Amino acid sequence: MKSRSDVVPARAPRVLIASTAMLAFITFWQAAAIVLNDMGSSAFYAGAIAEHFVGKTAPWFVLAIMVLSFAVRALYIESCSMFVRGGVYRVVKEAMGSMLAKFSVSALMFDYILTGPISGVSAGLYLVGLMNEVLSYFHSSIQFPVNGTGAFFAILCTLYFWWENIKGIPESSEKALRIMYITTVMVVLMVAWCIYTLSVRGAHLPPWPHLSNLVYSDDALGWLKNTSLPYTIGLIGIMIGLGHSVLAMSGEETMAQVYREIEHPKLKNLEKAGFIIFAYSLIFTAGVAFFAVMIIPDSVRTSFQDNPIGGLAMYLVGPLPLRIAFRGFIALVGTLMLAGAVNTSIVGSNGVLNRVSEDGILPQWFRHPHRRFGTSHRILNLVVGLQIFTILLSRGNIFVLGEAYAFGVMWSFAMKGLAVLVLRYKQRGEREFRVPFNFKVGNVEIPLGLGFITLTLIALCLINLLTKQVATISGASFTIIFFAIFSITERTARKRATEHAELDQFNLEASDDLTPERLGVRPGNVLVMVRNYNTLHNLNAVLDRVDPHKQDVVALHLRFLQRSGGGEYELTHDQLFSLEEQKLFTRALEIAEKKGKTIHLAVAAATDRWDAILRAAQSLKSLAVALGASNKTPVVEDARLAGLAWERLSDPKPQLAVQFYFPSGQDQIFYLGPHAPHLTPKEIELLHGIWLELSNEVAPDEVHHHDVVHFALEQVQQDMRDSKRTEVISSLRHHLYEIRNHRVPMLGARRE
């Protein structure tokens, strides 16, 4: 939240508009694009790195990892169905406690910090490779240093996406989506051209992953190098191959981080995004790995390990100028997509550290919203600073970065799987989504699919621990350091009990009045009155019914003015937005996040409840007002007071529907201003009967139902003006007395 000095004007504000970047939501296409910018980008280097470690059988391991990624994705969808903020930290903490949660997120942060640099450097290598080839083609003696140029480009790319994320996730996700549009064109062309090439030349699949076909590099076995296990036990050999291919599965955790920002219907959209990610990465990442081995000759393939798709383009069937042009296009797309993976790593890191900060592990200082954009810029600064430091430390060596990768991501996956497995028994409630293949033996559930996924992930963690020395040493060191930092800052944060780290932070903008322009809403919006964070059933019900593409929702809280010593009414800034308002808006935001729908938040000073509500509705050009039914005042009495306040409004008075919601989910509606009455079935039958009788009497003249109503109303009006006034009122009283016992307000009924 802004410091008070940033917001308070010379006099106390009448209205405070609260905003945060978390009030904006993205489509499932944008969510898929963010994750694919990481997972899809691994196609540019994952297959080549895997082949470097285990030889020509690598494509089969990459394919297996792509299938495993689909299973891991199901694991993440189940966790998100339980928690909107369902990343590794929250799920592991709920299942196994804070210590293991801090370990998991510490390990995960290591690979998030690595993902950006490895993608940025790889993008730079594709770009510098193209530039050097163009210079050679023109017989220039100038050649750019490969690793140095790659590192320089990675730093520029990191800084660019740092600024995009400072502006907010809709901004960065739109960039990711545009990158995927261009990438898709390249993928379609590449797959079609590769298939044509294989049909012309003939095709031979890579060797099957038997022990006899595995060719380990010097740095592939780690501490197992001096044992016979990798050469004699097939399962261990397969696990080593999978362990060196997990780079192709990076980006999964980002699904949980962007889930909070996915629009309605939230879980369905996540499932759609998950399937798009799986299909795209399977075709692209696994396809590139197979095509590279099947098309590029063995004698030259090692020279393209830092640029495998570029090498693939050069050995396709077709004229050389066309292949060179396609390679240039690949270099451009590779640069864009790998740069997009830098964005994904920043988005994921920001989400993870926000969850940690919300739980009081990091001081809330880190979540201080950006003054202009409302984003957690201090966390973004920290993440980007660590990534730039990593790029400088690696000096742009892609294999150093690739070898260090996968320690944290695999341990975080394994802990996530174990946590979701524990929650199956610890929290047995229904879920919107469950990992498939569940059986029951009596009353005991056997989650076969979830158990198999978790066991596989743990096995990969153990094999990586033994074979990836650089990743184990560097990852363990980083994890221990981060774990220590989290433990220290957690103790510090707990000593400051007043910080309320779990609450969301809001930017506050002072205003003299509420207008659609100031809140950024359209006329015809729904004004939802919120007063207590434990009684927001009216907001929940409105969000269930409203389509955010057609109608906006404004959540307004009233703070009643107090009389000062001088006899004037005023509120200080801290009274207008205190801790209670922060709690209220945090809870309102949680409901909106769960629904995947945007709301607009404001606090207004008031002296009279109904005058303030209806003036706000008039100023905002609202179509309806939604309130929680009071347990002190009857709804009919509240509606009467609302009607009196409506009469006091200045012209032109708006037509408004005032809707009272009950905790049971039922509601009751009253209309203010001229409107068509709601007729009961009995009244419609009575009108129809009168119309039948009169239509026979006035034939051949034509009469309609509305003619009967018009005639009756004019007749009553005339009677009220002459000597029959007393008789009309007496008859009306008698009618009301007769129906009184039948007119108990029905919940959900529309009232005049």
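Residues numbered from 1 in each chain as written. Predicted model: local features only at pLDDT ≥ 70, side-chain atom pairs only at ≥ 80, totals over all residues. Heavy atoms only, no water.

**Observations concerning the overall build of the protein**
At step 1: Along the protein, the regular secondary structure elements total 29 helices and 13 strands.
At step 2: Dimensions of the protein, computed from the C-alpha atoms along their principal axes, are close to 110 × 75 × 70 Å.
At step 3: The buried share of the protein, reckoned over its 752 residues, is 54%.
At step 4: By element, 62% of the accessible surface of the protein is carried by carbon and sulfur atoms, the whole surface being about 34100 Å². (Helix = DSSP H or I, 4+ residues; strand = E, 2+ residues; numbered from the N terminus. Buried < 20%, exposed > 50% of the residue type's maximum accessible area, 1.4 Å probe, protein only. Areas by Shrake-Rupley, 256 points an atom, 1.4 Å probe, with all protein chains shown as cover.)

**So, the side chain of threonine 158**
At step 1: Structurally, threonine 158 is set in helix 7 (residues 146–167).
At step 2: Contacts of threonine 158, omitting those with residues within four sequence positions, involve Val342, Ile346, Val384, Gln387, Ile388 and Ile391. (Contact = heavy atoms within 4.5 Å.)

**Looking at the pattern of salt bridges**
At step 1: On inspection of all chains with the given rule, the structure shows 19 salt bridges.
At step 2: Where arginine 522 meets aspartate 552, a salt bridge forms, and the shortest distance between an N and an O atom there is 3.0 Å. Of the two residues, arginine 522 is situated in the loop between helix 21 (516–519) and strand 5 (526–529) and aspartate 552 in the loop between helix 22 (537–545) and strand 6 (553–560); the sequence distance between them amounts to 30 residues.
At step 3: Each of Glu78, Arg424, Arg431, Arg434 and Glu445 takes part in one network of salt bridges that share partners. (Salt bridge = Lys/Arg side-chain N within 4 Å of Asp/Glu carboxyl O.)

**Points about the confidence of the model for the protein**
Caution applies to low-pLDDT parts of the model: their predicted coordinates are not meant to be read in detail.
At step 1: Per-residue confidence for the protein averages 83 on the pLDDT scale, and 91% of its residues sit at or above 70.
At step 2: Predicted confidence in the protein is weakest over helix 1 (residues 4–7), with a mean pLDDT of 38, and strongest over strand 5, with 96.
At step 3: The model gives residues 1–12 a pLDDT under 50, and that stretch makes 27 contacts with residues more than four places away or in other chains.
At step 4: Low pLDDT, under 50, characterises residues 744–752; the stretch is placed with 26 contacts to residues that sit more than four places away or in other chains. (pLDDT = per-residue confidence, 0-100.)

**A closer look at the pairing of strand 6**
At step 1: In terms of burial, strand 6 is a largely internal element, six of the eight residues being buried.
At step 2: Here strand 5 pairs with strand 6 via four bridges, running parallel. Residue pairing across strands places valine 526 opposite valine 553, the latter belonging to strand 6.
At step 3: Note on the crossover from strand 5 through helix 22 to strand 6: the handedness is right-handed.
At step 4: Taken together, the seven bridges between strand 6 and strand 9 (residues 600–606) define a ladder with parallel strand orientation. In the sheet register, phenylalanine 560 faces strand 9, and the bridge partner there is alanine 606. (Pairing = 2+ DSSP bridges. Right-handed = clockwise from strand over helix to strand, strands pointing away.)

**Quick look at the packing of helix 5 (residues 88–96) against helix 6 (residues 98–137)**
At step 1: Taken N-terminus to C-terminus, the directions of helix 5 and helix 6 make an angle of 155°; their axes are 7 Å apart at the nearest point. The angle between helix 5 and helix 6 places the two elements in the roughly antiparallel class. Once helix 5 is placed against helix 6, the crossing between them reads as right-handed. Only Ser98, Leu100, Ala101, Lys102, Ser104, Val105 and Leu108 of helix 6 make contact with helix 5, whose side of the interface consists of Val88, Tyr89, Val92, Lys93 and Met96.
At step 2: For the contact of helix 5 with helix 6, the per-class residue count stands at eight nonpolar, two polar and two charged. (Axes fitted to C-alpha atoms, helices over the stretch in contact; angles between N-to-C directions. Parallel < 35°, antiparallel > 145°, perpendicular 65-115°, else oblique. Left-handed = near helix turned anticlockwise from the far one by under 90°. Nonpolar A, V, L, I, M, F, W, Y, C, P; charged D, E, K, R; others polar.)

**Some words on the packing of aromatic side chains**
At step 1: Here the structure, examined in full by the defined rule, presents 19 aromatic pairs.
At step 2: On the numbers, 4.7 Å between centres and 20° between planes, the contact of phenylalanine 478 with phenylalanine 482 is stacked. Note that phenylalanine 478 and phenylalanine 482 are positioned in helix 20 (residues 469–495) at a spacing of four residues, about one turn of the helix.
At step 3: For phenylalanine 478, a relative accessible area of 16% gives the class buried.
At step 4: By relative accessible area, which is 10% here, phenylalanine 482 ends up buried.
At step 5: Among the aromatic side chains, those forming a connected cluster through ring pairs are Phe110, Phe478, Phe482 and Phe486. (Phe/Tyr/Trp six-rings, centres within 6.5 Å; stacked < 30°, edge-to-face > 60°.)

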